[in-house]
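The chain contents come next:
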Amino acid sequence: MEITIDRGSREPIYRQIARQVRDLITTGKLPAGFRLPPERRLAQALGVSRSTVLIAYQELRADALIEAHVGRGTMVTPSEATPAQPEVDQ
């Protein structure tokens, strides 16, 4: 997962992270069920505080793009765009 931080940008770092992850999800580069890095690991990799990643993940959860489960991690949620299969009357 490639995320680039522009420290000179006026856009807050947490929003840069959330925007880039959102783009990866919406373009299909991160499919449903993809496990995102734990907050601490991503923070360390990006050189930011854990709270910055936590806020970015909270924003993505609020948009229903990811879901967190204790013990299983944070994963990309299934897309709402997938049409439901119609029931067949017999």
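Refer to the structure above for everything that follows.
Note that the coordinates shown come from a computational prediction; the quantities given were computed from them, not determined experimentally.

Would you explain the pairing of strand S2 (residues 66–69) in this entry?
Where S2 and strand S3 (residues 73–76) come together, four bridges link them in antiparallel fashion. Note that in S3 the partner of His69 across the bridge is Gly73.

In this structure, what is going on with the sheet that holds strand S1 (residues 35–36)? I would like to understand it.
Two orientations exist for strands paired in a sheet by backbone hydrogen bonds: parallel and antiparallel. With antiparallel pairing, the three strands of this open sheet are ordered in space as S1-S3-S2. The open sheet has two edge strands, S1 and S2, and neither has a second partner. Bridge count for S1 against S3 is two bridges, and the pairing is antiparallel. Its bridge partner being in S3, Arg35 is matched across the sheet by Met75. Contacts between helix H3 (residues 50–62) and the sheet are confined to S1, S2 and S3, with S2 contributing the most and set at about 115° to the helix.

Looking at this structure, I do not really get the nonpolar core. What am I missing?
Ranked by size, the top nonpolar core spans 20 residues in total, and within it Ile17 and Val21 carry the most contacts. For this core, the elements supplying multiple residues, two or more each, are helix H1 (13–26), helix H2 (39–46) and H3. Ranked by the residues each element gives to this core, the list is headed by H1, at five residues.

Can you help me understand the packing of H1 against H3 in this one?
Any two packed helices are characterised by how steeply their axes cross, that is the angle between the axes, and by the distance between the axes. Contact pair H1 / H3: the axes reach a minimum separation of 8 Å and the direction vectors enclose 45°. With respect to H3, the axis of H1 lies oblique. For the pair H1 and H3, the crossing hand works out as right-handed. For the pair formed by H1 and H3, the contact residues are Ile13, Tyr14, Arg15, Ile17, Ala18, Val21 and Arg22 on the first element and Thr52, Val53, Ile55, Ala56, Glu59 and Leu60 on the second.

Cut-offs and rules
- Residues numbered from 1 in each chain as written.
- Predicted model: local features only at pLDDT ≥ 70, side-chain atom pairs only at ≥ 80, totals over all residues.
- Heavy atoms only, no water.
- Pairing = 2+ DSSP bridges.
- Helix = DSSP H or I, 4+ residues; strand = E, 2+ residues; numbered from the N terminus.
- Contact = heavy atoms within 4.5 Å.
- Axes fitted to C-alpha atoms, helices over the stretch in contact; angles between N-to-C directions.
- Core = buried A, V, L, I, M, F, W, Y, C linked by side-chain atoms within 4.5 Å.
- Buried < 20%, exposed > 50% of the residue type's maximum accessible area, 1.4 Å probe, protein only.
- Parallel < 35°, antiparallel > 145°, perpendicular 65-115°, else oblique.
- Left-handed = near helix turned anticlockwise from the far one by under 90°.

Structural measurements only, silent on function.
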